[in-house]
Amino acid sequence: MLADPLTYAPCGYKPPQLRGAYGIDNSLKAGYDGRGATVAVVDAYASATILADAQTYARRNDSQHPLRSYQFGQSLPATYTDTHSCGASGWYGEETLDVEAVHAMAPAANILYVGASSCYDTDLNAAVNTVVDNSLAQVITNSYGDVGEQIPASDVAEAHQTFIQAAAQGISVLFSSGDSGDEIANTGSRQVDWSASDPFVTAVGGTSLAVGRNTDYLFEQGWGTGRSNLVKGLWDPATPSYLYGGGGGTSQLFKQPNYQKKVVPNSISNYFGQGAHRAVPDVGMVGDPNTGFLVGQSQNFPDGSIHYSEYRIGGTSLSSPLFAGVVAVADQVNGDSLGFLNPKIYKLAGSSAFRDVKHGQGVTDGVVRVDFVNGYDATGGLRTSLRTLNQTGTIFTRTGYDDVTGVGSPNGLSFLLSMARGR
């Protein structure tokens, strides 16, 4: 049942709010801020204004933790291809989100941006390979993926070998779990997305997060959004239609890895009745754009101007770099890279290291959004909509492991210390 009255959606959480809610500010007070760790952000193409934008953003929204020039580096290809078909400029926003999210959670970590020459799997994997082959980072965050697992076997095999190599070298590889839930509304069939489904990567799912006025954690739900528009004083449709949500479910490509045994319920791992398979995701952090993150980026506007502006954004494209920042802090606490994370994560399932997101199945809450119809100013009018939380379809949050948020979201110092101890 929806709350009455409904609250308006927040304007986008700022770094201190997310660090406070996830307990990372307590680690900063103890001197743990990601110092000494390097997080590689892999996307396609490269924004010409990324460093200036990220520095402006930090100065405006997190002034005690500036992004210093020496903390940021780039590894870029000699040329770019398929810029039109791949929508190169759209990747600039992805890059901006990833860099600013990593810095939000690990303000003293180094960030290496690695730009692929195109958006195609072979080029993106080549960028990941650049990091792995040269041991350029302890953590790699990847906020992209394919819809489903119907991928050429050669591409899967090539990437799988990269992920195995990364694990062997002590590099943590993270992937966003996807933004279309169980994929039924998007494709007509229940699927998980690759590369998040590979058993040698850590798949990061999405939550809806409520932060208190004192930057404290209030609650989390599974991210699954339904939408109704306000029409003549009534919500239309009366039952909100599914819009988007954190990806999850059961792989049909990979068998169940040992680390998920005795943690993932059989109802999830054997969902398709073909024996136990890899379940996705492994962990969750805020991804819901309606409780999302404020980012700052230089953009082209319809009047021909180019200037810096700030806006709210989300997706598991937010969840993965946020968790990458947390892992960088955990690496510092550990005194070394934690490497392949999943065996440690599942060993800690059900402990105080994670907050179990278990609000239950069904539409349980929502927020109201007022948006520009044209997407950038009020000249085209305003649209008011209801955005529900936890409308997740055949995947849903429950006690223990679930296929929306994995084992849960990281719980501050308890997570950091438990990961360092390995128990």
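These numbers were taken from a predicted model, which means no experiment stands behind them.

> Go over unusual backbone geometry with me, naming the residues and quoting the values.
The linkage connecting D236 with the following residue, P237, adopts the cis geometry, with an omega of 0°. Cis rather than trans, the peptide bond between V280 and P281 has omega equal to 0°. When you line up the elements, P281 lands in the loop between β12 (277-280) and β13 (283-286). Look at K232: it is not a glycine, yet its phi comes out positive at around 55°. Here K232 is to be found in the loop between β9 (224-231) and β10 (234-245). Even without glycine at this site, K262 takes up a positive phi of about 70°.

> Got a sec to walk through the sheet that holds strand β1 (residues 7-8)? Specific residues and values, please.
Strand order across the open sheet formed by five strands is β1-β17-β18-β9-β10, with mixed pairing between neighbours. At either end of the open sheet lies a strand with only one pairing partner, and these are β1 and β10. Where β9 lies against strand β18 (residues 382-389), three bridges are found, and the strand directions are antiparallel. Within β18, the position partnered with S228 by the bridge is L386.

> Describe the pattern of salt bridges, naming the residues involved and giving the relevant values.
Under the definition given, this model contains eight salt bridges. Among the salt bridges present, the one from R35 reaches D33, with a minimum N-O distance of 2.6 Å. According to the relative accessible area criterion, D33 is buried, its value standing at 11%. Ionic pairing is found between D371 and R387, a salt bridge with its closest N-O pair at 3.6 Å. With D371 in strand β17 (residues 365-372) and R387 in strand β18, this pair connects stretches of sequence that are 16 residues apart.

> Tell me about a nonpolar patch on the surface, residues and numbers included.
On the surface, a nonpolar cluster with roughly 430 Å² of combined accessible area is contributed by Y8, V370, F372 and L382. Counting through the fold element by element, Y8 comes out in strand β1.

> Please provide a residue-by-residue account of the pairing of strand β7 (residues 202-211), values included.
Counting buried residues in β7 gives ten out of ten residues, a clear majority hidden from the surface. Burial along β7 is two-sided: T202, V204, G206, S208 and A210 and A203, G205, T207, L209 and V211, pointing in opposite directions, are all buried. Pairing geometry for strand β6 (residues 172-176) and β7, over three bridges, is parallel. Bridged to F175 within β7 is A203.

> Could you give an account of helix α5 (residues 121-133), with specific residues and numbers?
Compared with the 18 Å implied by 1.5 Å per residue over 13 residues, the 18 Å span of α5 between its first and last C-alpha is a close match. For α5, the full list of buried residues reads L124, N125, A127, V128, N129, V131 and V132. Looking at the buried side of α5, the elements it contacts are β2 (38-44), α4 (88-105), β4 (110-116), β5 (139-142) and α6 (153-168). Directly after α5, the chain includes S135, whose backbone phi takes a positive value near 45°.

> Explain the packing of aromatic side chains to me, and be specific about the residues and the numbers.
Evaluation of the coordinates by the stated rule reveals 13 aromatic pairs. Judged by centre distance (5.6 Å) and plane angle (55°), the rings of Y45 and Y80 are tilted. Pair noted here: Y45 is in the loop between β2 and α3 (50-61) and Y80 is in the loop between β3 (72-75) and α4, with a separation of 35 residues, a long-range link. Residue class for Y80 comes out partly exposed when judged on its relative accessible area of 33%. Centre to centre, the rings of Y144 and F175 are 5.4 Å apart; their planes meet at 80°, and the pair counts as edge-to-face. Separated by 31 residues along the polypeptide, Y144 in the loop between β5 and α6 and F175 in strand β6 bring together distant segments of the chain. Judged by its relative accessible area of 1%, F175 falls in the buried class. Put simply, the rings of F200, Y259, F340, Y346 and Y401 touch in pairs and so form one group of aromatic residues.

Conventions adopted
Just so you know, the residues in each chain are numbered from 1, in the order the chain's sequence is written. Where totals are concerned, whole chains, interfaces and linings use all residues; where local detail is concerned, this predicted model gives features only for residues with pLDDT of at least 70, and gives and counts side-chain atom pairs only at 80 or more. Hydrogens and waters are ignored; side-chain quantities use all the structure's heavy atoms. Each helix is a run of H or I in the DSSP string that is no shorter than four residues. Each strand is a run of E no shorter than two, and both are numbered from the N terminus. In short, DSSP must find at least two bridges between two strands for them to pair. Salt bridge, as applied in this entry: a Lys or Arg side-chain nitrogen positioned within 4 Å of an Asp or Glu carboxyl oxygen. Think of it in three bands: with a 1.4 Å probe and only protein chains considered, a residue is buried below 20% of the maximum accessible area for its type, exposed above 50%, and partly exposed in between. Residues form patches when they are more than 30% accessible in relative terms and have no salt bridge. Like charges link within 9 Å. Nonpolar side chains (Val, Leu, Ile, Met, Phe, Trp, Tyr) link within 5 Å. Exposure was quantified through the Shrake-Rupley algorithm and a 1.4 Å probe, taking into account, for residues, occlusion by the shown protein chains and nothing else. To estimate the expected span of a helix, subtract one from its residue number and multiply by 1.5 Å. In this description, contact between two residues means that some pair of their heavy atoms is separated by no more than 4.5 Å. Working definition: a ring pair exists when centres of Phe, Tyr or Trp rings (six-membered ring for Trp) sit within 6.5 Å. Plane angles under 30 degrees give stacked, over 60 give edge-to-face, the rest tilted.

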